[in-house]
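Below are the chains, spelled out letter by letter.
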Amino acid sequence: MPFVSVRDIRMYYERGGNPQSDRRLLLINGSGGDLRHKPSILDGALGEDFDLLAFDQRGLGQTERLDRPHRMADYAADALALMDDQGWESC
């Protein structure tokens, strides 16, 4: 199970699809999303054509929850920090 420290949290993420593809797709779950729920979008047809990266947002699934309110800017910065960690400049 891959975890990474991004910004101020420990984040859970998964990779899937075709890592040889130059087409990258960042998958962001909606509210209540949890990568432990199966089937996962990583298991679907998108993986044939895309290099996939998905994560549990802060406070959801296996990603750490902090004892303070989260802002939309936190979610966006978390996604960017994960992309940076994975060596993705764009998706």
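Here the structure is shown first, and the text comes after it.
Note that this is a predicted model, so its numbers are computed, not measured.

**Observations regarding the sheet that holds strand β2 (residues 9-17)**
Next, step 1: Reading across the sheet, the 4 strands line up as β1-β2-β4-β3 and stay open at both edges, with mixed pairing between neighbours. Edge strands, defined here as strands with exactly one partner in the open sheet, are β1 (3-6) and β3 (24-28). Mean inter-strand twist for the sheet, computed between neighbouring axes without regard to direction, equals 35°.
Next, step 2: Sheet topology places β1 next to β2; 4 bridges connect them, and they run antiparallel.

**Notes on unusual backbone geometry**
Next, step 1: For the bond running from Lys-38 to Pro-39, omega is 5°, close enough to zero to count as cis.
Next, step 2: Along the polypeptide, Pro-39 turns up in the loop between β3 and β4 (51-55).
Next, step 3: Residue Arg-7 is not a glycine yet carries a positive backbone phi of 50°.
Next, step 4: In this structure, Arg-7 sits in the loop between β1 and β2.

**Description of the pattern of salt bridges**
Next, step 1: Counted by the stated rule, this structure contains 9 salt bridges.
Next, step 2: The shortest N-O distance in the salt bridge between Asp-78 and Arg-7 comes to 2.7 Å. Here Arg-7 lies in the loop between β1 and β2 and Asp-78 lies in helix α1 (residues 72-85), a separation of 71 residues in the sequence.
Next, step 3: For Asp-78, a relative accessible area of 1% translates into the label buried.
Next, step 4: Classification of Arg-7 as partly exposed rests on a relative accessible area of 47%.
Next, step 5: For Glu-14, the salt bridge is made with Lys-38, and the minimal N-O distance between the two is 3.9 Å. Linking Glu-14 in strand β2 with Lys-38 in the loop between β3 and β4, this pair joins segments that are 24 residues apart in sequence.

Definitions and cut-offs
- Residues numbered from 1 in each chain as written.
- Predicted model: local features only at pLDDT ≥ 70, side-chain atom pairs only at ≥ 80, totals over all residues.
- Heavy atoms only, no water.
- Pairing = 2+ DSSP bridges.
- Helix = DSSP H or I, 4+ residues; strand = E, 2+ residues; numbered from the N terminus.
- Axes fitted to C-alpha atoms, helices over the stretch in contact; angles between N-to-C directions.
- Salt bridge = Lys/Arg side-chain N within 4 Å of Asp/Glu carboxyl O.
- Buried < 20%, exposed > 50% of the residue type's maximum accessible area, 1.4 Å probe, protein only.

The analysis is restricted to geometry; functional conclusions fall outside its scope.
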